[in-house]
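Results of the structural survey
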Amino acid sequence: MLHARTHGGLISRSPYDADNIGVWNLLGHSITKDVLTESFAWVIATYCNPHSDPFVPALGLDISAFHKLLQSRFPHFTALPQWLEVQEGIVGDGGSLDEFPDLLQLLLGYRAVADEHHRNVAHLVATACMGGDHLWQDLGLPDRKSLSALLTAHFPALAAKNSGDMKWKKFFYKQLCEREGINACRAPSCAACCDYAKCFGAEEGEAIFFLSLPP
Ligand code: SF4
C-alpha cells in the first residue's frame, strides 16, 4: 500500500486504482522508486490534472515528448484517453501562468547538459514553480535539501548563483527580474531590507507527500 501525507493528514490508496490518474496510480506503474521519479509522479498527478488550479498540461512539453516521458518513467501506465486529450492544451490558455515560459527558458538555458532528460527536469521544476507552497513541497520532495541537490545536479551554474541560499522560487523570479533589468526590490541591499525573511530563511513545513512502499 502507498501512503501519502497531505495537509489534511495521512491517507492510503492503492497504486492500481485505475479510476484515478493520481500519483499512486503513476507510481504503481514506475520501474524505479527514485526521488526524481516520485517527483515526476507527484507533479504530473497534481498539475496535469485538468481539475486542478494551476493546470499545466503535459508539464508544458509537446505531447509526443510527454508520451515519451510517461513511457520511460512509467512504462506500465496506461492513461485514460480523456486525460491524455487535455494534455494537448497550451499552458496558461485561459489561465494566469504568464511566468511559466520565462521560468522554463531560464531553467533550459542553465541545463548541465542540453539533452532530453535535463529538458524534462526543467519542465518538471517550472511546473512545480506554479504551485503555492515551498518549491520542495510543490515538487513532492522530502525536504529542501533534496531540492537543492536536484537543482545542483541538473542546473549547476544556476544553483551556484544562489550563494546566499535564497528561497528557490524567490531566487528564480529575481533572476528573471535581473534579466529584464527590473529592480522590484525596495531596499538597496538584502541586508537592509525589511522583506529579508520573505526571501531568505528556512523553508520549513511538512512534506506533503512521501511514500512507504511495502517490503
Ligand atoms: S531581501 Fe529585499 S532586497 Fe533582497 S531580494 Fe528580497 S526583496 Fe529584494
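Before reading on, note that the structure itself is shown above.
What counts, and where the lines are drawn
Residues numbered from 1 in each chain as written. Predicted model: local features only at pLDDT ≥ 70, side-chain atom pairs only at ≥ 80, totals over all residues. Core = buried A, V, L, I, M, F, W, Y, C linked by C-beta atoms within 7 Å. Buried ≥ 20, exposed ≤ 12 C-beta atoms within 10 Å, placed from the backbone. Helix = DSSP H or I, 4+ residues; strand = E, 2+ residues; numbered from the N terminus. Contact = placed C-beta atoms within 7 Å. Axes fitted to C-alpha atoms, helices over the stretch in contact; angles between N-to-C directions. Parallel < 35°, antiparallel > 145°, perpendicular 65-115°, else oblique. Nonpolar A, V, L, I, M, F, W, Y, C, P; charged D, E, K, R; others polar. Left-handed = near helix turned anticlockwise from the far one by under 90°. Near = placed C-beta within 6 Å. Expected span 1.5 Å × (residues − 1).

1. Here's the deal with the nonpolar core
The nonpolar side chains of soluble globular proteins are, as a tendency, buried together. Among the nonpolar cores identified, the biggest contains 47 residues, and Val43 and Leu59 are the most heavily contacted of them. Elements with a minimum of two residues in this core: helix H1 (23-28), helix H2 (35-47), helix H3 (63-73), helix H5 (100-109), helix H6 (116-128), helix H7 (135-138), helix H8 (144-154) and helix H10 (168-179). Considering every element that reaches this core, the biggest residue donor is H2, with 7 residues. Leave out the neighbours within four places in its chain, and Val43 touches Leu59, Leu124, Thr127, Ala128, Leu139 and Gly140.

2. Brief notes about the packing of H5 against H10
Packing of H5 against H10 brings their axes to within 10 Å, and their N-to-C directions diverge by 95°. If you check the angle between H5 and H10, you find them roughly perpendicular. Here H5 contributes Asp102, Leu103 and Leu106 to the contact with H10, which in turn contributes Phe172, Gln175 and Leu176. Of the residues assigned to the contact of H5 with H10, the class counts are 4 nonpolar, 1 polar and 1 charged.

3. Side note on the packing of H5 against H6
The N-to-C vectors of H5 and H6 enclose an angle of 140°; their axes lie 9 Å apart at closest approach. For the element pair H5 and H6, the recorded crossing hand is right-handed. Here Phe100, Leu103, Leu104, Leu107 and Leu108 of H5 lie close against H6, whose contacting residues are Arg119, Ala122, His123, Val125 and Ala126. Considered class by class, the residues forming the contact of H5 with H6 number 8 nonpolar, 1 polar and 1 charged.

4. Some remarks on the site of the ligand
Looking at the ligand, the residues that line it are Lys174, Cys185, Ala187, Cys190, Cys193, Asp195, Tyr196 and Cys199. The class makeup of the residues in the shell around the ligand is 6 nonpolar, no polar and 2 charged.

5. Let's talk about the environment of Pro57
Looking at the element boundaries, Pro57 is found in the loop between H2 and H3. Spatially, the C-alpha atom of Pro57 lies 8.8 Å from that of Ile44, the residues being 13 residues apart in sequence. In this structure Pro57 touches Cys48, Val86, Gln87, Glu88, Gly89 and Val91, once residues within four positions along its chain are discounted.

6. So, H2
Helix length check: H2 (13 residues) gives 18 Å between terminal C-alpha atoms against 18 Å at 1.5 Å per residue, within 8%. Counting buried positions along H2 yields 10 of 13 residues, so the element is predominantly enclosed. Those residues of H2 that fall on the buried side of the exposure criterion are Glu38, Ser39, Phe40, Ala41, Trp42, Val43, Ile44, Ala45, Thr46 and Tyr47. The secondary structure elements touched by the buried residues of H2 are H1, H3 and H6.

Interpretation in functional terms is not warranted from these geometric data alone.
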